[in-house]
Amino acid sequence: MLKQLLTTIAVTGALMAAQPSLAASPPNMLVIGTNLTGIRTLDPAQNNARTVSELISNLYDNLVQLSPDDLKTLKPMLATQWSVSDDGKIITLTLRDDAVFQSGNKVTAEDAAWSIQRVIKMGQVGSTDVALWGFTADNVEKLVRAKDEHTLEIELPQAVNTDLVLYSLAGSSIGIVDKKTVLSHEANGDFGGAWLSANSAGSGPFSLAQWRPNDVAIFNAQPKYWGGKPAMARVVARHIPESGNLRLQLEAGDVDVGQYVASGDLDALSSNKDMVIENVPGLGFYYIALNQKDPDLQKPKVREAFQHAFDWKAISGNIMRYTGFPWQSMIPRGMIGAPEAADVRYNYDPAKAKQLLVEAGYPNGLKKVLNPSGAPTLPFAEALQASARAAGFDLDLVPGEFTPAFRERKFEVLLGNSGARLPDPFAVATQYAFNPDNSDEARLGSYYLWRTGMKVDELNTLIDQSMKERDTGKRTDIFKKMDGIYAGMASPLVIFFQRTDPYVMRANVKGYHGHTTWSTRWHDVTKE
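Treat the numbers as computed from the prediction; the structure is a model and nothing was measured.

Here's the deal with the packing of aromatic side chains
Next, step 1: Inspection of the entire model under this criterion finds 21 aromatic pairs.
Next, step 2: Aromatic pair Tyr 286 and Phe 380: ring centres 5.5 Å apart, planes at 5°, arrangement stacked. Here the residue Tyr 286 occupies a position in strand β12 (residues 275-290), and Phe 380 occupies one in helix α14 (residues 378-389), the gap between them amounting to 94 residues.
Next, step 3: Note on Phe 380: relative accessible area 2%, which makes it buried.
Next, step 4: Judged by centre distance (5.8 Å) and plane angle (85°), the rings of Phe 380 and Phe 497 are edge-to-face.

Written out as structure tokens, the structure is:
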């Protein structure tokens, strides 16, 4: 009872300290101002988006991890070593023997096997990271197995580049959960999913103290964490969706780290000596999506006209200054198969766009409904609407949250952005160019080419080859060929910018580094 009371007092104190009218946050507490919109659960199996991935990455350890400054070299986490059989079919991982869950239970290979089995059997968005390798609800229990207390064996059901498989084990959805604790809260065969929506059962450096959707998440440090006690006794993630408000609280010291700060406020903060802005490259793009179920947008010349209807250079130095850089290839910059430059494939040319519309049969222009995917892309959509008018497009901009409509193919023209967590061009290629079944019944909402209603068999084949091929040189050639096809086919996904994610930190915060794969960890964060 006393312990519970002390916990309540501590949580209340954290909430009070989190109010904007009070003084700077305590030296052993990190306050993050972010956007918690749409996060309904903290179950790793049911998430794969940016903000929630960071929260989950501090509750649950993975088998392996990637450093924010090195996305190629896998490092140990719960697994101290791993090996691949000569035929590439079996990955064997050895788990450390000093890791415990917050319950006090030891972390075992059985927990690791069950965690992966659980993700696949639940079939939620978190399964995207590993289902690609051929695991199903029917085969995963047989193929992912504990050989003994500290040895995990993963047998691949099909030929796959094992580097891809190991990278996927570093994703936040594949955080290892406490099997015994989670099953004790199972209800109606939900694998403990309802309970894990607002509770934690991990071995990470923090445990969940309180969670209120669209409001606040509070995390307490685990003093017996195998990696050492975190310097921050508590981390508070506060929902502050309005950028101007977040800026004021950063300046006042009420907030230590700010996410989703708008460009205008970033400009103002950039000259403040008490602030540091870190611009983290992302594995995704800003794009215009054209629904191929619309007869007008099916015409290649109309899609080509859209390539020249957007004055993207005009916004690259202002509203996109911190959130992206010009890029028009489907392979992210710096990855194998990426071109040296990809910012001049199509420029803003209203006269050319109009001529293409005439050739497509629209001498008086074309009218369509334009949706932003959500509030963050609204300024981008407004810029597109304005420049497209001179190019012959009358776009009726309807603001709102349209990502669900995009997944259901219920849109005409949509402006959105994307991200990926697997640090390999295969991940982005799968999003943008893969669609094995274009029927509505397939409901392949994870693939953007399905969302737009286009299927290209040659791209499907190349993506499948890139997944199986183990030779880096051959994979490079595959991605180059893929990019060439994509650039020449007037894709229904018109890419303009590669994504970057700005993080604002007060200068006294050390060790906080935004992660390209969204698994930012707080264990090494200190405040001076």
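Things to note about the UniProt feature "domain: Solute-binding protein family" (unreviewed entry) in the chain
Next, step 1: The residues that UniProt annotates with the feature "domain: Solute-binding protein family" (unreviewed entry) are residues 74-438.
Next, step 2: End C-alpha to end C-alpha, residues 74-438 measures 36 Å, and it is 29% helix and 23% strand.

A few points about the sheet that holds strand β7 (residues 151-155)
Note on sheets: strands pair through backbone hydrogen bonds, and any given pair is parallel or antiparallel.
Next, step 1: What the four strands build is an open sheet, ordered β4-β5-β7-β6; its pairing is antiparallel. On the outer flanks of this sheet lie β4 (79-84) and β6 (144-148), each paired with one strand and no other. Here the strands of the sheet are splayed against their neighbours by 25° on average, with no regard to which way each runs.
Next, step 2: Sheet topology note: the β4/strand β5 (residues 90-95) ladder contains five bridges and is antiparallel.

With respect to the pairing of strand β10 (residues 234-239)
Next, step 1: With five of its six residues buried, β10 lies for the most part within the structure.
Next, step 2: Taken together, the six bridges between strand β1 (residues 29-34) and β10 define a ladder with parallel strand orientation. Paired with Thr 34 across the bridge in β10 is His 239.

Notes on the environment of Ser 85
Next, step 1: Residue position: Ser 85 is located in the loop between β4 and β5.
Next, step 2: On the accessibility criterion, Ser 85 (26% relative accessible area) is partly exposed.
Next, step 3: Distance in space between the C-alpha atoms of Ser 85 and Leu 169 is 17 Å, their sequence separation being 84 residues.
Next, step 4: There is a polar contact of 3.3 Å between the side chain of Ser 85 and the backbone nitrogen of Lys 89.

A word on helix α10 (residues 263-270)
Next, step 1: Every buried residue of α10 is listed here: Ser 263, Asp 265, Leu 266 and Leu 269. All buried residues of α10 lie within an arc of 155° about the axis, which places them on one face of the element.
Next, step 2: Turning to α10, the residues buried within the fold contact α9 (243-252), β12 and β17 (493-506).

Regarding the pattern of salt bridges
Close approach of charged atoms allows side chains with opposite charge to pair.
Next, step 1: The full count for this structure, using the stated rule, is 25 salt bridges.
Next, step 2: Lys 368 is the partner of Asp 296 in a salt bridge, and the nearest nitrogen-oxygen pair spans 2.7 Å. Of this pair, Asp 296 sits in the loop between β12 and α11 (300-307) while Lys 368 sits in strand β14 (residues 366-372), placing them 72 residues apart in sequence.
Next, step 3: Accessibility expressed as a relative area gives 21% for Asp 296, which makes it partly exposed.

A look at the side chain of Ser 172
Next, step 1: As for its position among the elements, Ser 172 is in the loop between α6 (162-168) and α7 (179-183).
Next, step 2: Those residues in contact with Ser 172 that lie beyond four places of it in its chain are Pro 44, Ser 53, Ile 56, Ser 57, Asn 62 and Arg 421.

Focus on α14
Next, step 1: Between its first and last C-alpha, α14 extends 17 Å over twelve residues, near the 16 Å set by a 1.5 Å rise per residue.
Next, step 2: The secondary structure elements touched by the buried residues of α14 are β12, α12 (312-316), β14, β15 (393-397), β16 (413-417) and β17.

Description of unusual backbone geometry
Next, step 1: Phi is positive for Asn 188, which is not a glycine, with a value near 55°.
Next, step 2: Turning to its location among the elements, Asn 188 is positioned in the loop between α7 and α8 (193-196).
Next, step 3: A positive phi angle is found at Ala 490, which is not glycine, with a value near 50°.

Some thoughts on the nonpolar core
Next, step 1: Counting 114 residues, the largest nonpolar core has Leu 63, Trp 133, Leu 152, Ile 154 and Phe 393 as the members making the most contacts within it.
Next, step 2: A domain-level breakdown of this core finds at least three residues from each of domain 1 (29-236 + 507-527) and domain 2 (282-500).
Next, step 3: Beyond its immediate sequence surroundings of up to four residues, Leu 152 is in contact with Leu 63, Ile 91, Thr 92, Leu 93, Leu 95, Ala 109, Ala 112, Ala 113, Ile 116, Val 144, Arg 145 and Ala 146.
Next, step 4: Within the second largest apolar cluster, 33 residues are counted, among which are Val 182, Trp 195, Ala 237 and Met 505.

Some words on the domain arrangement of the chain
Next, step 1: Partitioning the chain into domains gives domain 1 (29-236 + 507-527) and domain 2 (282-500).
Next, step 2: For domain 1 versus domain 2, the separation of C-alpha centres amounts to 31 Å.
Next, step 3: Between domain 1 and domain 2, the contact holds 26 residues from the first and 19 residues from the second.
Next, step 4: Both sides together, the interface formed by domain 1 and domain 2 hides about 1,700 Å², and carbon and sulfur atoms give 61% of it.
Next, step 5: Joining domain 1 to domain 2, the criterion identifies five residue pairs in polar contact (both at pLDDT 80 or more).
Next, step 6: Listed by contribution, the elements that provide at least two residues to the side of domain 1 that touches domain 2 are α2 (50-57), α4 (128-131) and α6.
Next, step 7: Considered class by class, the residues forming the side of domain 1 that touches domain 2 number ten nonpolar, twelve polar and four charged.

Observations regarding the packing of helix α16 (residues 425-433) against helix α19 (residues 472-488)
Axis angle and axis distance: for two packed helices, these are the angle between their axes and the distance between the axes, and together they describe the pair.
Next, step 1: Running from N to C, α16 and α19 point in directions that differ by 25°, and their axes come no closer than 12 Å. It follows from the interaxial angle that α16 and α19 lie roughly parallel. For the pair α16 and α19, the crossing hand works out as left-handed. For the pair formed by α16 and α19, the contact residues are Pro 425, Phe 426, Ala 429, Tyr 432 and Ala 433 on the first element and Arg 475, Phe 479, Met 482 and Tyr 486 on the second.
Next, step 2: The residue inventory of the contact of α16 with α19, partitioned by class, reads eight nonpolar, no polar and one charged.

A word on the side chain of Ser 466
Next, step 1: By secondary structure assignment, the location of Ser 466 is in helix α18 (residues 457-468).
Next, step 2: Its relative accessible area of 0% is what places Ser 466 among the buried residues.
Next, step 3: The contacts of Ser 466, once residues within four sequence positions are left out, are Leu 164, Phe 426, Arg 475, Ile 478, Phe 479 and Met 482.

Conventions we followed
Residues numbered from 1 in each chain as written. Predicted model: local features only at pLDDT ≥ 70, side-chain atom pairs only at ≥ 80, totals over all residues. Heavy atoms only, no water. Phe/Tyr/Trp six-rings, centres within 6.5 Å; stacked < 30°, edge-to-face > 60°. Helix = DSSP H or I, 4+ residues; strand = E, 2+ residues; numbered from the N terminus. Buried < 20%, exposed > 50% of the residue type's maximum accessible area, 1.4 Å probe, protein only. UniProt positions renumbered as here; feature names shortened; annotations may be inferred. Pairing = 2+ DSSP bridges. Axes fitted to C-alpha atoms, helices over the stretch in contact; angles between N-to-C directions. Polar contact = N/O pair within 3.5 Å; in protein donor to acceptor, adjacent residues only side chain to side chain. Arc of directions from axis to C-beta. Contact = heavy atoms within 4.5 Å. Salt bridge = Lys/Arg side-chain N within 4 Å of Asp/Glu carboxyl O. Expected span 1.5 Å × (residues − 1). Core = buried A, V, L, I, M, F, W, Y, C linked by side-chain atoms within 4.5 Å. Domains from an automatic or database assignment. Buried area = accessible area lost by both parts, 1.4 Å probe. Nonpolar A, V, L, I, M, F, W, Y, C, P; charged D, E, K, R; others polar. Parallel < 35°, antiparallel > 145°, perpendicular 65-115°, else oblique. Left-handed = near helix turned anticlockwise from the far one by under 90°.

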